[in-house]
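# Overview (structure and organization)
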Amino acid sequence: MVILKDTKSLIWNTNIAYAIGLMTADGNLSSDGRHMTFVSKDLDLIRIFKRCFSLRNKISKKSSGYSKDKNKRYYFVQFGNVRLYNFLKDIGLTPNKSKTIKNLFIPDGYFSDFLRGLIDGDGNIGYFMHPESKLKQFRIRVASGSRDFLEWLNRQINKFLDIRGSIRQVTRAYELCYYKKASKKLVDFIYYKSDIVYLKRKFKIAKLMETREWWNWQTHTV
């Protein structure tokens, strides 16, 4: 299990920061003050999350509460740790956080790892067809039920990279979007070295931008 120096301090590292990004995206703090759950449709992401927090808890499956298709199943892992629970609350995560989350405390040295986890969990890396030029353009999006959180995230990214995204409302949520050169800066920022944890399928699409292959890429989102 993740190591805590005391009841309020966590020993930060790249894996922990990445896992907190995943928890921010698709995690949940129970109201019992002890248990936490991470949910994903991607089994690889669940396994990565377990490795980051050194969890031995089993992986289970459940139906999505938002999908009309009750046969659509999601993977999840539930675990208990009072100290970690309290730490996550101290940095800004709360039970039922989806619409209430605002600012988080993430050390500057680990913000890129946190952001990579957030994008792997609740983000989208891909391309869209420009309505006028009809050319594919690179785009990175991060979704959240809280506009306040995305405004904070936009400010933080601007602090590090001097770029600003645009926030728009979509069904039941908001999206923070970055396009073209700004997306390239984000890719370089979150994949800053080779020996870090990440979701391989999103990394593969992101790195295509460095080649001319992406002009012929047929899958637009991951």
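Thresholds applied
- Residues numbered from 1 in each chain as written.
- Predicted model: local features only at pLDDT ≥ 70, side-chain atom pairs only at ≥ 80, totals over all residues.
- Heavy atoms only, no water.
- Helix = DSSP H or I, 4+ residues; strand = E, 2+ residues; numbered from the N terminus.
- Expected span 1.5 Å × (residues − 1).
- Buried < 20%, exposed > 50% of the residue type's maximum accessible area, 1.4 Å probe, protein only.
- Pairing = 2+ DSSP bridges.
- Axes fitted to C-alpha atoms, helices over the stretch in contact; angles between N-to-C directions.
- Contact = heavy atoms within 4.5 Å.
- Parallel < 35°, antiparallel > 145°, perpendicular 65-115°, else oblique.
- Nonpolar A, V, L, I, M, F, W, Y, C, P; charged D, E, K, R; others polar.

### So, helix 4 (residues 111-122)
Helix length check: helix 4 (12 residues) gives 16 Å between terminal C-alpha atoms against 16 Å at 1.5 Å per residue, within 8%. The buried fraction of helix 4 amounts to 11 of the 12 residues, a majority that puts the element mostly inside the structure. Buried within helix 4 we find F111, S112, D113, F114, L115, R116, G117, L118, I119, D120 and G121.

### Focus: the sheet that holds strand 4 (residues 73-80)
On the basis of which strands lie adjacent, the open sheet formed by four strands has the order 1-2-4-3 and antiparallel pairing. Two strands bound the open sheet, and with one partner strand each, they are strand 1 (27-29) and strand 3 (60-63). Pairwise comparison of adjacent strand axes, ignoring direction, gives a mean angle of 30° for this sheet. Two elements, strand 2 (residues 35-40) and strand 4, share six bridges in a ladder whose sense is antiparallel. By the bridge assignment for strand 4, M36 is matched with F79. Packing against the sheet, helix 3 (residues 82-91) makes contact with strand 1, strand 2 and strand 4, and its axis sits at approximately 70° to strand 2.

### So, the packing of helix 4 against helix 6 (residues 180-190)
Running from amino to carboxyl end, helix 4 crosses helix 6 at an angle of 115°, the nearest separation of the two axes being 8 Å. What the angle tells us is that helix 4 and helix 6 run roughly perpendicular. Facing F111, S112, L115, R116 and I119 of helix 4, the residues of helix 6 in contact are L186, F189 and I190. Its residues assigned to classes, the contact of helix 4 with helix 6 shows six nonpolar, one polar and one charged.

### Structural notes on the sheet that holds strand 8 (residues 173-179)
Read across the sheet, four strands follow the order 5-6-8-7 without closing on themselves; strand pairing throughout is antiparallel. The sheet is open, and its two borders are formed by strand 5 (123-129) and strand 7 (166-170), each paired with just one other strand. Neighbouring strand axes in the sheet, compared pairwise and without regard to direction, differ in orientation by 35° on average. For strand 7 and strand 8, the ladder comprises five bridges, and the chain directions are antiparallel. Note on strand 8: the bridge partner recorded for V170 is A173.

Taken by themselves, the reported measurements are silent on function.
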